[in-house]
Amino acid sequence: MNFGRGPSVVLNVGGTRYSFSREVLKDFPLRRVSRLHGCLSEQDVLEVCDDYDRERNEYFFDRHSEAFGFIMLYVRHGHLRFVPHMCELSFYNEMIYWGLEGSHLDYCCQRRLDDRMSETCTYYAAEEPNGGLEGKGRRPPAAEGKKWLERMRRTFEEPTSSVAAQVLATVSILFVIVSMVVLCASTLPEWRAPENRSVEEQSRYTAESVREPSGIIEAICIGWFTAECIVRFIVSKNKCEFVRRPLNIIDLLAITPYYISVLMTVFTGENSQLQRAGVTLRVLRMMRIFWVIKLARHFIGLQTLGLTLKRCYREMVMLLVFICVAMAIFSALSQLLENGLDLGTKNKDYASIPAACWWVIISMTTVGYGDMCPITVPGRILGGICVVSGIVLLALPITFIYHSFVQCYHELKFRSARYSRSLSAEFLN
């Protein structure tokens, strides 16, 4: 330690004193305390603590003494738990002050902290960039432009942020519903009749379909989605981040096939490869089903599902590994018992292990279509074990996924409520 005198150092935390040697402070587990070792002047010391007594070589910290006592138990024994009868969030603030993180807590206390943060909605959003300019005279033109862009961004990104955002979200939902109705109606036999024409008639039909009512409705919906996507890209803060967002990628996947199909129709004409192009066009048209996912922008339930899958990808991978391992074991055994052994009866449905995998997956998920079933006694015993194992293996990771789902729901619900309060203030103004 380069400041102060004496072989020992005294830390006074809320009236409770702790004495340490200088060498201990060098590698102390708490970052704020270890910073005292590198202080060269009293000014450096006061940047770390609240007060300093030169005569006693005592450093004063105006913090919760009981919380620091539990933190010292972590330093000595390696276990960090919450202080009884103390708010979890207050103790978490003490941890952050001394240089600890939530991961240092024991697992049970980590769960309590997550639940507490979800219940009290402590997921605060970033402050508005020019909020401090309120009431300080007229803003400069640059600030006015940034505020306008921020309002536009919130209007398109947050459906509950204002009246205009709610109207825009309602219109977007109507366009999605209309486009889905047209897509479903286009698969009816009456609508699919023109697809059975010859190649030449098919080319003329494809070129004229845009002028039909369904083609006009489709073009209007695509025009709306395209304009919405372009405006959101223009007003976004970070263009690269905008392109990488999953919902924006889905928007591109839903919009792009329409323009590709139009270009293919224009450039193909009556070419001999039109038959193959017609199949491609039908595949591209069916990709419009991705428009349903656009509803995730306006419904918390779909947003919660996506956020849960994003945060629980490790649990989902673990679940898939469980299923794959069990599928490999039970499919090999079932093929052996039903077809591989010479027991006088061979089940042709289990002629190979890949064929048996289908029976294993529908048995483990308790679907049981009945298209395949074991006929030997050992095979039926194996089938019972397979069903019970599937129930157990599928239930193991569900607890973690459920906990994350509840946490994500509270987080998104709080964000929606925060914008709803701003919407109420808009009405009052």
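- By the naming in an unreviewed UniProt entry, the protein chain goes by Voltage-gated potassium channel regulatory subunit KCNG3 and is assigned to Brachypodius melanocephalos.
- UniProt, in its Subunit (unreviewed entry) section for the protein chain, records the words "Heterotetramer with KCNB1. Does not form homomultimers."
- The Sequence similarities (unreviewed entry) comment attached to the protein chain in UniProt states, word for word, "Belongs to the potassium channel family. G (TC 1.A.1.2) subfamily. Kv6.3/KCNG3 sub-subfamily."

**Comments concerning the state of the cysteines**
Part 1: Inspection of every chain in the model, using the stated rule, returns zero disulfides.
Part 2: No disulfide involves C108; its nearest neighbouring cysteine sulfur is the one of C109, lying 4.1 Å away.
Part 3: Note on C108: relative accessible area 48%, which makes it partly exposed.

**Observations concerning the UniProt feature "transmembrane region" (unreviewed entry) in the protein chain**
Part 1: Look at the UniProt record and you will see "transmembrane region" (unreviewed entry) annotated at residues 163-188, 215-235, 247-269, 289-309, 316-337, 349-369 and 381-405.
Part 2: For the annotated span residues 316-337, helix accounts for 100% and strand for 0% of the residues, and the straight-line distance between the end C-alpha atoms is 31 Å.
Part 3: The annotated region residues 381-405 carries 92% helix and 0% strand content, and the separation between its end C-alpha atoms amounts to 37 Å.

**Describing the environment of P397**
Part 1: Among the structural elements, P397 can be located in the loop between helix 18 (377-395) and helix 19 (398-428).
Part 2: Linking P397 and L319, residues 78 residues apart in sequence, is a C-alpha distance of 6.6 Å.
Part 3: Those residues in contact with P397 that sit more than four places away from it in its chain are E315, M318, L319 and F322.

**Digging into the packing of helix 16 (residues 313-340) against helix 17 (residues 353-364)**
Part 1: Look at helix 16 against helix 17: their axes get within 8 Å of each other, and the N-to-C directions meet at 120°. Of the possible angle classes, the one that applies to helix 16 and helix 17 is oblique. The two elements helix 16 and helix 17 meet at a crossing, and its hand is right-handed. In this structure, helix 16 contributes I323, A326, M327, F330, S331, A332, S334 and Q335 to the contact, and helix 17 contributes I353, A356, C357, W359, V360, I361 and M364.
Part 2: For the contact of helix 16 with helix 17, the class distribution of residues is 12 nonpolar, three polar and no charged.

Cut-offs and rules
- Residues numbered from 1 in each chain as written.
- Predicted model: local features only at pLDDT ≥ 70, side-chain atom pairs only at ≥ 80, totals over all residues.
- Heavy atoms only, no water.
- UniProt positions renumbered as here; feature names shortened; annotations may be inferred.
- Disulfide = S-S within 2.5 Å.
- Buried < 20%, exposed > 50% of the residue type's maximum accessible area, 1.4 Å probe, protein only.
- Helix = DSSP H or I, 4+ residues; strand = E, 2+ residues; numbered from the N terminus.
- Contact = heavy atoms within 4.5 Å.
- Axes fitted to C-alpha atoms, helices over the stretch in contact; angles between N-to-C directions.
- Parallel < 35°, antiparallel > 145°, perpendicular 65-115°, else oblique.
- Left-handed = near helix turned anticlockwise from the far one by under 90°.
- Nonpolar A, V, L, I, M, F, W, Y, C, P; charged D, E, K, R; others polar.

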